[in-house]
Amino acid sequence: MTANLGRVVAIGGGHGLARTLRAVRDVAAHVTAIVTVADDGGSSGRLREQYGVLPPGDLRMALAALSRRPERVALLQRRFEGGDLDGHAIGNVLLLGLLAAADGDLVQALAEAAEIVDAAGVVLPCATEPMTLAADTKDGRVIGQVAVARSRDIRRVELLPHPPPAVPDAIAAVAHADLVVLGPGSIFTSILPNLLVPDLAASVAASRAPVVLVGNLWEQPGETQGLTLSDHVAALRRHVPDLRLDLLLADDDPRGLAVPDGDDVGCPVITAAVRAPGGGHDPARLAPALVDAVATIPV
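Let us look at the structure shown here.

Procedures and definitions
Residues numbered from 1 in each chain as written. Predicted model: local features only at pLDDT ≥ 70, side-chain atom pairs only at ≥ 80, totals over all residues. Heavy atoms only, no water. Pairing = 2+ DSSP bridges. Helix = DSSP H or I, 4+ residues; strand = E, 2+ residues; numbered from the N terminus. Axes fitted to C-alpha atoms, helices over the stretch in contact; angles between N-to-C directions. 1 Å grid on protein atoms, 1.4 Å probe; cavity = no way out; pocket = protein on both sides within 12 Å on 5 of 7 lines; lining within 4 Å. Points joined across faces, edges and corners; volume = space filled by probe spheres on them. Nonpolar A, V, L, I, M, F, W, Y, C, P; charged D, E, K, R; others polar. Buried < 20%, exposed > 50% of the residue type's maximum accessible area, 1.4 Å probe, protein only. Arc of directions from axis to C-beta. Contact = heavy atoms within 4.5 Å.

1. Quick notes on the sheet that holds strand S8 (residues 211-214)
Across the sheet, seven strands lie side by side as S3-S2-S1-S7-S8-S9-S10; this open sheet has parallel pairing. Lying at the two open borders of the sheet, with one neighbouring strand each, are strand S3 (122-125) and strand S10 (269-272). Taken over all neighbouring pairs, the strand axes of this sheet differ in orientation by 25° on average, direction set aside.

The structure is reproduced here in structure tokens:
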């Protein structure tokens, strides 16, 4: 498929961001992934706590999504069994080693990793410091991404002890983007942690590029249980009042979350068949859906 979307910046984390990256890498002239660094669970959480580094897991997943080398994707994702490294993904340990070799410069380490896996784009953390996510819920306050993801009735999330500085390369990427894609992904633990970094949120608000939200397919147990797509958009706007959304791209399967009216979310809504037969967004379907949807946005 030939390039149609120009320079794309995709913002998020986890499996949702990975699916967007796999979708846009073949229909964009250039791709930049801007990735949350709030994770405190699993291998990432252990490495973060032990070495004081930015959690590498979501960054590894973004590299794997952009890699042109399937055998290296498998290597990145493979996990050690037994011993001190039990449960750690090889890609996480690789990033830790590259970070040490780069004297703590994570942007350089990620550039080296991108060369190793032959990535079709750039992967950047959203911030220069590890972030701790906190949420106020109906039942009280919870601390940490894992705890937030398991919580219901989330009213507000924030970064502790304060929002960190944004990565300058991430700001520059947004400034030069032709399209900014948010999601799909966990609203409170994958998308909002990026937008709670003030300079990054300001750069998205100031961008001349269209900003598209790829809607989630269903409720997530815990953080988005009971929420509609309209509620997702409302949560984004409540936390980031200056956020500009030019389009919501939603799945057209009636078994999923109900598709809201554009008046309800404050932007046009386009539907397309983007769900994979086995669940989740299908990159092969999401790519042309994004191309077609973006073509409807007035220049």
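Further notes follow.
2. A word on empty space enclosed by the protein
Over the atoms a probe the size of a water molecule is rolled, and this reveals where empty space is left. Inspection of the entire model under this criterion finds two cavities of 30 Å³ or more. The element best represented in the lining of the largest cavity is helix H5 (residues 90-101), accounting for four residues. Of the residues assigned to the lining of the largest cavity, the class counts are seven nonpolar, one polar and no charged. Quantified by volume, the second largest cavity comes out at close to 30 Å³. In this structure, the second largest cavity is lined by Asn216, Leu217, Leu229, Asp251, Asp253, Gly256, Leu257 and Arg275.

3. Some thoughts on helix H8 (residues 168-175)
If you check which residues of H8 are buried, you get Ala170, Ala173 and Val174. Around the axis of H8, the buried residues are gathered within 95° of arc, so they sit on the same side. Elements that come into contact with the buried residues of H8 comprise strand S1 (7-12), strand S2 (30-35), S3, strand S7 (179-182) and helix H10 (198-206).

4. A look at unusual backbone geometry
Between Leu160 and the following residue, Pro161, the backbone shows a cis peptide bond with an omega angle of -5°. Of note, Pro161 is situated in the loop between strand S6 (154-160) and H8. With omega at 0°, the peptide bond leading from Gly183 into Pro184 counts as cis. Within the secondary structure layout, Pro184 lies in the loop between S7 and helix H9 (187-195). A positive phi angle, close to 55°, is found at Asp103, a residue other than glycine. Summarising the element assignment, Asp103 is placed in the loop between H5 and helix H6 (106-117). On the basis of relative accessible area, Asp103 is assigned to the exposed category, the value being 74%. One non-glycine residue with positive phi stands out, namely Asp118, at about 55°. Within the secondary structure layout, Asp118 lies in the loop between H6 and S3. For Asp118, a relative accessible area of 29% gives the class partly exposed.

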